[in-house]
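Residue strings, one per chain:
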Amino acid sequence: MKTEELIRALAADGSQPVRPIGHTLWRALATGALLSTALFLLLLHPRLDIGRAISTVRFDFKLLVVACLAVASAIFLGYVALPASSARQRWLLYLAPVLLAGGVVIELATTPAASWSERLIGHNAVHCLSLIPLLALPSLACLFFALRRAAPLRPPLAGATAGLMSGGVGGVLYALTCPDDSPLFVATWYTIAIGMVATGSAFGGGRWLRW
Amino acid sequence: MEHSLQGDVCAYQQLLVLLTVAIRNAVRGRARAAGIDAEDVVQEVLLALHLKRSTWVRGTPVARWLAAIARNKIVDALRRRGHRVEVPVETVLETLWIDEVENEGQAHDLERALTKLNERQREVVRAVSLEGHSAQEVATRLQMTEVAVRVTLHRGLRALAATFRAVPNED
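For the structure given in this document, a descriptive report is provided here.

Procedures and definitions
Residue positions are given per chain, counting from 1 as you read along its sequence in written order. The order in which chains are written sets their letters, starting at A; the order in which ligands are written sets their numbers, starting at 1. The predicted origin of the model limits local features to residues at a pLDDT of at least 70 and limits the giving and counting of side-chain atom pairs to 80 or more, whereas totals for whole chains, interfaces and linings rest on all residues. Side-chain numbers come from the whole structure's heavy atoms, not from hydrogens or water. Contact between two residues is taken to exist if any of their heavy atoms lie within 4.5 Å; hydrogens are not considered. When two parts are brought into contact, each loses some accessible area as probed by a 1.4 Å sphere; the total of that loss over both is the buried area. Here, a salt bridge means any Lys or Arg side-chain nitrogen found within 4 Å of an Asp or Glu carboxyl oxygen. Counted as a polar contact is a pair of N or O atoms within 3.5 Å, where, for protein atoms, one must be capable of donating a hydrogen and the other of accepting one, and residues adjacent in sequence contribute only when both atoms are in side chains. Where helices and strands are cited, they refer to DSSP runs of H or I of at least four residues and of E of at least two residues respectively, numbered from the N terminus. Residue polarity is assigned by list, with Asp, Glu, Lys and Arg as charged and Ala, Val, Leu, Ile, Met, Phe, Trp, Tyr, Cys and Pro as nonpolar; anything else, Gly included, falls into the polar class. Both cavities and pockets are sets of points on a 1 Å grid over the protein atoms alone; in a cavity a 1.4 Å probe fits but cannot get out, in a pocket the set is open with protein on both sides within 12 Å along at least five of seven lines, and lining residues sit with an atom within 4 Å of a point. Grid points are joined across faces, edges and corners, and a volume is the space filled by probe spheres set on the points. Stacked, edge-to-face and tilted labels apply to pairs of Phe, Tyr and Trp rings (six-membered ring for Trp) whose centres lie within 6.5 Å, assigned for plane angles under 30 degrees, over 60, and everything in between, in that order. Note on classification: 1.4 Å probe, protein chains only; a residue is buried when its accessible area is under 20% of the maximum for its type, exposed when over 50%, partly exposed between these limits. Exposure above 30% relative accessible area and no salt bridge define the residues that can form patches, which grow by joining like charges within 9 Å and nonpolar side chains of Val, Leu, Ile, Met, Phe, Trp and Tyr within 5 Å. All accessibility values rest on the Shrake-Rupley procedure with a 1.4 Å probe; residue burial counts only the protein chains present in the view. In this tally Asp and Glu are treated as negative and Lys and Arg as positive; neither His nor the chain ends contributes. Here the site of a charge means NZ on Lys, CZ on Arg, CG on Asp, or CD on Glu. Only buried residues count toward a nonpolar core, which is a set of Ala, Val, Leu, Ile, Met, Phe, Trp, Tyr and Cys residues joined through side-chain atoms within 4.5 Å.

It is worth spelling out the interface of chain A and chain B at this point. Opposite the 32 residues of chain A that make contact, chain B presents 47 residues. Interface of chain A and chain B: buried area, both sides summed, is about 3,500 Å²; carbon and sulfur atoms make up 62% of it. Across the contact surface, chain A and chain B share zero salt bridges. Scanning the region where chain A abuts chain B turns up six residue pairs in polar contact (both at pLDDT 80 or more). Looking at which element gives the most residues to the side of chain A that touches chain B, the answer is helix H1 (residues 3-12) of chain A, with nine residues. By residue class, the composition of the side of chain A that touches chain B is 18 nonpolar, six polar and eight charged.

It is worth spelling out the layout of surface pockets at this point. In this structure, the largest pocket occupies an estimated 1,000 Å³ of space. Lining of the largest pocket is provided by 34 residues; of these, Arg148(A), Arg149(A), Leu51(B), His154(B) and Arg158(B) occupy positions nearest its centre. Elements with a contribution of two residues or more to the lining of the largest pocket: helix H2 (21-43) of chain A together with helix H3 (38-51) and helix H9 (146-166) of chain B. Per-element accounting of the lining of the largest pocket gives the leading share, 11 residues, to H9(B). In terms of residue class, the lining of the largest pocket is made up of 15 nonpolar, six polar and 13 charged. Approximately 700 Å³ is the volume found for the second largest pocket. Considering the residues around the second largest pocket, the lining is formed by 30 residues, among which Ile21(A), Gly22(A), Leu82(A), Trp56(B) and Val57(B) are closest to the centre. Elements supplying a minimum of two residues to the lining of the second largest pocket: H2 and helix H4 (57-80) of chain A together with helix H1 (2-5) and helix H4 (62-80) of chain B.

Turning to the packing of aromatic side chains, a few remarks are in order. Residue and element names in this part refer to chain A. Here the structure, examined in full by the defined rule, presents two aromatic pairs over all chains. With centroids separated by 6.2 Å and ring planes inclined at 75°, the aromatic side chains of Phe185 and Tyr190 adopt a geometry described as edge-to-face. What makes Tyr190 buried here is its relative accessible area of 2%. Ring-pair connections join several aromatic residues into one group, and the members of that group are Tyr174, Phe185 and Tyr190.

Right, let's talk about a positive patch on the surface for a bit. Residues Arg19(A), Arg27(A), Arg148(A), Arg149(A), Arg155(B), Arg158(B) and Arg165(B) make up a contiguous surface patch of positive charge. Among the elements that make up the positive patch, the one with the highest residue count is H9(B) (three residues). Positionally, Arg158(B) belongs in helix H9.

Right, let's get into the nonpolar core. The biggest cluster of nonpolar side chains holds 54 residues, and the ones touching the most others in it are Leu147(A), Tyr174(A) and Tyr190(A). If you list the elements that add at least two residues to this core, you get H2, H4, helix H5 (92-110), helix H7 (125-147), helix H8 (155-177) and helix H9 (183-208) of chain A. When near neighbours in sequence (up to four residues on either side) are disregarded, Leu147(A) contacts Leu25(A), Leu77(A), Ala81(A), Pro152(A), Ala158(A), Ala162(A) and Leu209(A). Formed by 52 residues, the second largest nonpolar core is a distinct cluster that contains Ala9(A), Leu16(B), Leu19(B) and Val138(B).

As structure tokens, then:
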């Protein structure tokens, strides 16, 4: 086929206005978060003492950390999805881990060593490990769908970022129902759960986000 | 570029012609060093930039965006046909005698890829590319609606790009 023929075919296919990829991604973020929330409301409910919990530092801190992660990776996703853009505000990604590390240090400093293992193991580690990925799934699916229209130069990185973002959403939702508020619990189980989502989607990215 | 993304076919065609020159310049040396037909790679890059044109951010330099897409596709193409890189001397010798103009604009990979499309898609892509008919004319001739022609064309182009991806990596 001659290149000029190809150009003719491409031009003919360009007769419709193109929606900028940024819009597509924002839509996917919003739709995904909504679907994950819907799934949460369908399967679970906020913990019964949420009114009281919300005024405790630990509960708020837990929410803050996962929300931070979700927002930072959503912003980062806007960069890795495009072929020609260098990521600014990269430091945002470190915010959640640093916050969490700080929380762990303070927790260790202010609570007796005898209570550490109980705080770390908590009540619902298995729930945490299964529900966070489950709640992340709808969001992840929407993001992958949108990312297939994008042009990430490093598909696994784009996949992992989408996984962090969705894991963050799943984490926020799960945090509302999870009775364990200690930073020790969050640093262990939330990290493992979100890490699993991110790892899985890094592989998924390598598989499905090539172009 | 901005007009092209609004659906202005004429502006888009002009833009593609312009960009093709730039892509050729970028591809030629690298492809030749690897013993690959440069025009195949040029067409692959064109297809990619078409399907990914929504990732250009308004107000940013087109050249940088194009370079990023082209580089990605060149690397892909070299890697995929990597086994040929091992015989650089012969290919360099060969290319010494190739008449530049003779081979300009003609390539084979896309022709092969076309045979993998389904019949309808192939018909539409051919009609639009060879004869340069508008979607409307093609629609009348193939007794399809104009929208169906557009959709078929778009799917056909995506399928073409996918056949390039489908070739298993050698490494």
